[in-house]
Amino acid sequence: MPRSSRKNLPGLFHHIMSQGINKEYIFKDDNLKDKYRNILKDKKQQNNVNIIAYCIMDNHVHLLVNIQKIEEMCKFMQQVNTTYAKFYNKFYNRVGYVFRNRYLSKPILDEDHLKRCVVYIHRNPVVAKMVKKEDEYKFSSYNEYLKCKNEEKLIYSNSSEILFGKMSIKELKKEFKGIHNYKDNELAIFNGFEEKIEINIKKLLEKYSYLTENEKIIKLYIEEKISERKLAEIFKKTRYEIRKILKQN
């Protein structure tokens, strides 16, 4: 299925990940997660930021935001993390950094990428084995998409329409649940961050066992979206050697 053009998306979309210093559990209980969510709600209104999806894990947070200017996102994240860090340090009577460096962000390229990012964010607690299904986790936007009322939602009121266009509520819910049936390896395009959905490399190597090593590398890169870094790790080569092989294609 061909991907829809990025030009069809209103404004700019970015996938953000912010992690605790030394991967510490800075959101280790419900009260801390609630506090961060409330800060998000407050600061998004001040900075013209629309939240399309989110998930607050124990040591990091994922956000998918819609903005008009990059500066809005930078200001928003600075305010959110600074406010939370001050609260966290005061609460635990500690000093020092709370978040690991600056947040990371990746632009969304097209409508297919947008939907897959939503799924990736919602699947974090499932992959981490915190819950069995996305709707069992309290601190993500999954259930907000299934609610009819907007009062308690952190996500942008038109998020469903951005993802799927104009449909009835029943159709939107069906489409939303449907996109969450992507397979794990289809979500690998979001593995640029520290935590990621691990691909079953052994099965993929078995799948392409009839190929030469170089052919496997090319197949894994093109068909399975395995990164150059990961390929170098799997085949015990340098990234330069991997690039050289890929250029043969």
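Sequence positions are assigned chain by chain, starting from 1 and proceeding in written order. Local features in a predicted model are, by the rule used here, given only for residues with pLDDT of at least 70; side-chain atom pairs are given and counted only at 80 or more, and totals for whole chains, interfaces and linings are based on all residues. Calculation of side-chain values draws on the structure's entire complement of heavy atoms; hydrogens and water are dropped beforehand.

*Asks:* Tell me about the overall build of the protein, residues and numbers included.
*Replies:* Secondary structure follows DSSP: runs of H or I at least 4 residues long count as helices, runs of E at least 2 residues long count as strands, and numbering of each begins at the N terminus. Per the secondary structure count, the protein includes ten helices and four strands. Counting from the amino terminus, helix and strand elements in the protein follow one another as β-α-β-β-α-β-α-α-α-α-α-α-α-α. The long-range share in the protein, meaning contacts at least 24 apart out of those at least 6 apart in sequence, stands at 70%. Accessible surface area values rest on a Shrake-Rupley calculation with a 1.4 Å probe, where residue burial reflects the displayed protein chains alone. In the form shown here, the protein has an accessible surface area of approximately 14200 Å², with 48% of it arising from carbon and sulfur atoms. Any two residues having at least one pair of non-hydrogen atoms within 4.5 Å are treated as being in contact.

*Asks:* An account of the pairing of strand S2 (residues 50-56) is needed here, citing residue identities and associated values.
*Replies:* Counted residue by residue, S2 has six buried out of seven residues, so it is predominantly covered. With six bridges joining them, S2 and strand S3 (residues 60-67) adopt antiparallel strand pairing. Bridge pairing in S3 links Ile56 to Val61. Only strands joined by at least two bridges in the DSSP assignment are considered to pair. Between S2 and S3, which pair antiparallel in sequence order, lie three residues. We call a residue buried when its accessible area falls under 20% of the maximum for its residue type, exposed when it is over 50%, and partly exposed in between, using a 1.4 Å probe and counting protein chains only.

*Asks:* Give me the packing of aromatic side chains: which residues, what numbers.
*Replies:* Side-chain rings of Phe, Tyr and Trp (the six-membered ring for Trp) are treated as a pair once their centres are within 6.5 Å; stacked means planes under 30 degrees apart, edge-to-face means over 60, and tilted covers the remaining angles. The tally for this structure, following the rule as stated, stands at 14 aromatic pairs. Pairing Tyr84 with Phe87 gives two aromatic rings, centres 6.1 Å apart and planes at 45 degrees, and the pair type is tilted. One end of the pair is Tyr84 and the other is Phe87, both in helix H2 (residues 70-91) and three residues apart, which spans about a single turn. Taken together, a centroid distance of 5.0 Å and an interplanar angle of 50 degrees make the contact between Tyr142 and Phe176 tilted. A residue pair is termed long-range when its members are at least 10 positions apart, and Tyr142 in helix H4 (residues 142-146) and Phe176 in helix H6 (residues 169-179) qualify at 34 residues. On the accessibility criterion, Phe176 (1% relative accessible area) is buried. Each residue in the set Phe27, Tyr36, Tyr84, Phe87, Tyr88, Phe91, Tyr92 and Phe99 is aromatic and connected to the rest through ring pairs, giving one cluster. A cation over an aromatic ring shows up here: Lys35 above the ring of Phe87, its NZ or CZ 4.9 Å from the ring centre. Geometry around Tyr103 places Arg102 over its ring, the cationic atom sitting 4.4 Å from the centre. For a ring to carry a charge above it, either NZ of a lysine or CZ of an arginine must fall within 6 Å of the ring centroid while also lying within 35 degrees of the normal to the ring plane.

*Asks:* Kindly report on the side chain of His14, identifying the contributing residues and their values.
*Replies:* Turning to its location among the elements, His14 is positioned in strand S1 (residues 12-19). The class for His14 is buried, based on a relative accessible area of 10%. Setting aside residues up to four positions removed in sequence, His14 forms contacts with Leu63, Leu64, Val65, Ile67, Ile70, Met73, Ser105, Lys106, Pro107 and Ile108.

*Asks:* Residues and numbers for the pattern of salt bridges, please.
*Replies:* Salt bridges are counted wherever a side-chain nitrogen of Lys or Arg sits within 4 Å of a carboxyl oxygen of Asp or Glu. For the structure on display, the rule yields eight salt bridges. Between Asp58 and Lys33 there is a salt bridge whose closest N-O contact spans 2.7 Å. Pair noted here: Asp58 is in the loop between S2 and S3 and Lys33 is in helix H1 (residues 30-46), with a separation of 25 residues, a long-range link. The exposure class assigned to Asp58 is buried, which follows from its relative accessible area of 19%. One salt bridge connects Asp112 with Arg116, and the closest N-O pair in it is separated by 2.9 Å. Here the residue Asp112 and the residue Arg116 both occupy positions in helix H3 (residues 111-127), the gap between them amounting to four residues, near one helical turn. One exposure class covers both Asp112 and Arg116, and it is buried.

*Asks:* Quick one: what's the story with unusual backbone geometry, residue by residue and with numbers?
*Replies:* One can expect most non-glycine residues to show negative phi and most peptide bonds to be in trans. With a phi close to 60 degrees, Asn48 is a non-glycine residue in the positive phi region. Within the element layout of this structure, Asn48 appears in the loop between H1 and S2. A positive phi angle is found at Asn93, which is not glycine, with a value near 55 degrees. Examined against the element boundaries, Asn93 turns out to sit in the loop between H2 and strand S4 (104-107). Taking the relative accessible area as the measure of exposure, Asn93 reaches 74% and is therefore exposed.

*Asks:* Could you give me a rundown of the packing of helix H9 (residues 228-235) against helix H10 (residues 239-246), with the residues and numbers involved?
*Replies:* Every axis in this analysis is a line fitted to C-alpha atoms, fitted for helices over the stretch in contact. Angles between the N-to-C directions lie between 0 and 180 degrees. The interhelical angle for the contact between H9 and H10, taken along N-to-C directions, is 105 degrees, at an axis separation of 9 Å. It follows from the interaxial angle that H9 and H10 lie roughly perpendicular. Contacts between H9 and H10 involve Glu228, Arg229, Leu231 and Ala232 on the former and, on the latter, Arg239, Ile242, Arg243 and Leu246. Ten residue types, Ala, Val, Leu, Ile, Met, Phe, Trp, Tyr, Cys and Pro, are classed as nonpolar, four, Asp, Glu, Lys and Arg, as charged, and the remainder, Gly among them, as polar. A per-class count over the contact of H9 with H10 returns four nonpolar, no polar and four charged. Orientation categories follow fixed angle ranges, with anything under 35 degrees roughly parallel, anything over 145 roughly antiparallel, 65 to 115 roughly perpendicular, and all other angles oblique.

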